Amino acid sequence: MQFKYENVESLAKEKEAENWDFRRFLKFYDGLSDDELDQLVFKIADEASSMIECTTCGRCCKELKPMLSHEDEKRLAVRLGLTVEQLREEYLQYSDTGDEQGWQMRASPCCFHRDKKCIVYEDRPQNCRDYPYLHESDFSSRTMGMIEWTFTCPIVFNVMEELKQALKFKRR
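Given the structure is predicted, the values throughout are model-derived calculations rather than measurements.

S.K.: I would appreciate a short explanation of helix H1 (residues 8-28) in the present structure.
M.R.: Think of an α-helix as 3.6 residues a turn; residues three or four steps apart then line up on the same face. Taking 1.5 Å per residue, 21 residues should reach 30 Å; H1 reaches 28 Å between its end C-alpha atoms and fits that length. Considering bend angle alone, the principal kink of H1 is centred on Glu16 and spans about 55°. For H1, the set of buried residues is Val8, Ala12, Glu18, Asn19, Phe22 and Leu26. If you follow the buried residues of H1, they end up packed against helix H2 (34-50), helix H3 (59-63), helix H7 (143-149) and helix H8 (154-166).

S.K.: Quick question: what am I supposed to make of the nonpolar core here?
M.R.: Note on soluble globular proteins: their nonpolar side chains tend to be buried together. Leu134, Phe139, Met146, Val159 and Leu163 are the most contacted members of the largest nonpolar core, which has 25 residues in total. Every element with two or more residues in this core is listed here: H1, H2, H7 and H8. Not counting chain neighbours up to four residues away, the residues in contact with Leu163 comprise Phe22, Leu37, Leu40, Val41, Ile44 and Phe139. By size, the runner-up hydrophobic cluster in this structure holds eleven residues, among which are Leu68, Met105, Cys110 and Val120.

S.K.: Could you clarify how one ought to interpret a negative patch on the surface in this entry?
M.R.: Taken together, the side chains of Asp34, Asp35, Glu36 and Asp138 make up a negatively charged region of the molecular surface. Here Asp34 is to be found in helix H2. For Asp34, a relative accessible area of 49% corresponds to the partly exposed category.

S.K.: Sorry, what's going on with the pattern of salt bridges here?
M.R.: Charged atoms that come close allow side chains of opposite charge to pair. In total, this model carries twelve salt bridges according to the counting rule given. Between Glu73 and Arg88 there is a salt bridge; the shortest N-O distance is 2.5 Å. Taken together, the positions of Glu73 in helix H4 (residues 70-80) and Arg88 in helix H5 (residues 84-91) put the pair 15 residues apart, joining distant regions of the chain. Owing to a relative accessible area of 2%, Glu73 belongs among the buried residues under this scheme. If you follow the salt bridges from partner to partner, you end up with Lys15, Glu18, Glu161 and Lys164 in one network.

S.K.: Mind showing me how you'd approach the packing of aromatic side chains here?
M.R.: For any pair of aromatic rings, the description rests on two quantities: the centre-to-centre distance and the angle between the ring planes. Within the structure shown, the criterion is met by nine aromatic pairs. Judged by centre distance (5.0 Å) and plane angle (40°), the ring pair of Tyr133 and Trp149 falls under tilted. Highlighted residues: Tyr133 in the loop between helix H6 (126-130) and H7 and Trp149 in helix H7, separated in sequence by 16 residues. Like Tyr133, the residue Trp149 is buried in the burial classification. Ring pairs connect the aromatic residues Phe22, Phe25, Tyr29 and Phe169, which therefore count as one cluster. Taking the ring centre of Tyr121 as reference, the NZ or CZ of Arg124 above it sits at 3.7 Å.

What counts and how
- Residues numbered from 1 in each chain as written.
- Predicted model: local features only at pLDDT ≥ 70, side-chain atom pairs only at ≥ 80, totals over all residues.
- Heavy atoms only, no water.
- Helix = DSSP H or I, 4+ residues; strand = E, 2+ residues; numbered from the N terminus.
- Expected span 1.5 Å × (residues − 1).
- Bend = angle between axes of the 7 residues up to and from the residue.
- Buried < 20%, exposed > 50% of the residue type's maximum accessible area, 1.4 Å probe, protein only.
- Contact = heavy atoms within 4.5 Å.
- Core = buried A, V, L, I, M, F, W, Y, C linked by side-chain atoms within 4.5 Å.
- Patch = residues over 30% accessible without salt bridge, like charges linked within 9 Å, V, L, I, M, F, W, Y side chains within 5 Å.
- Areas by Shrake-Rupley, 256 points an atom, 1.4 Å probe, with all protein chains shown as cover.
- Salt bridge = Lys/Arg side-chain N within 4 Å of Asp/Glu carboxyl O.
- Lys, Arg positive; Asp, Glu negative; His and termini not counted.
- Charge placed at Lys NZ, Arg CZ, Asp CG, Glu CD.
- Phe/Tyr/Trp six-rings, centres within 6.5 Å; stacked < 30°, edge-to-face > 60°.
- Lys NZ or Arg CZ within 6 Å of the ring centre and 35° of its normal.

So this is what it looks like as structure tokens:
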């Protein structure tokens, strides 16, 4: 795997139409079961993840605003010596747009991202822990999000490229 990191946003833009074609291809691909496809994605993701230290990138912290669960809010409030209400007032905003409703980080880049490191790493929100969601099942039904994240995460970009090769995808 040749890992692409620099200019991931421009690389993703170049591949965007191809990635949408690949999404359609996956919807009708019957060479692997959904579970087998997930296992292949997990394997490729592990390889891609081993080739970059996320702290050398930090694009997710610079560009995304994760949604927090109530448990995330409580954990982060304790870490910062605040009440949940104070945490919300100072750092969060309520969002009812998109797929999820709830409290999310107010600012982008994240106010807890300093010197390419998360200063609340041990208490970071679950969405941050799980990102870029490559080890979740049912990959084929989550490709819209994956295509979106190719613009942000070089690991996702590379997983998509390697998956196309593994499945012998040819753009028409």
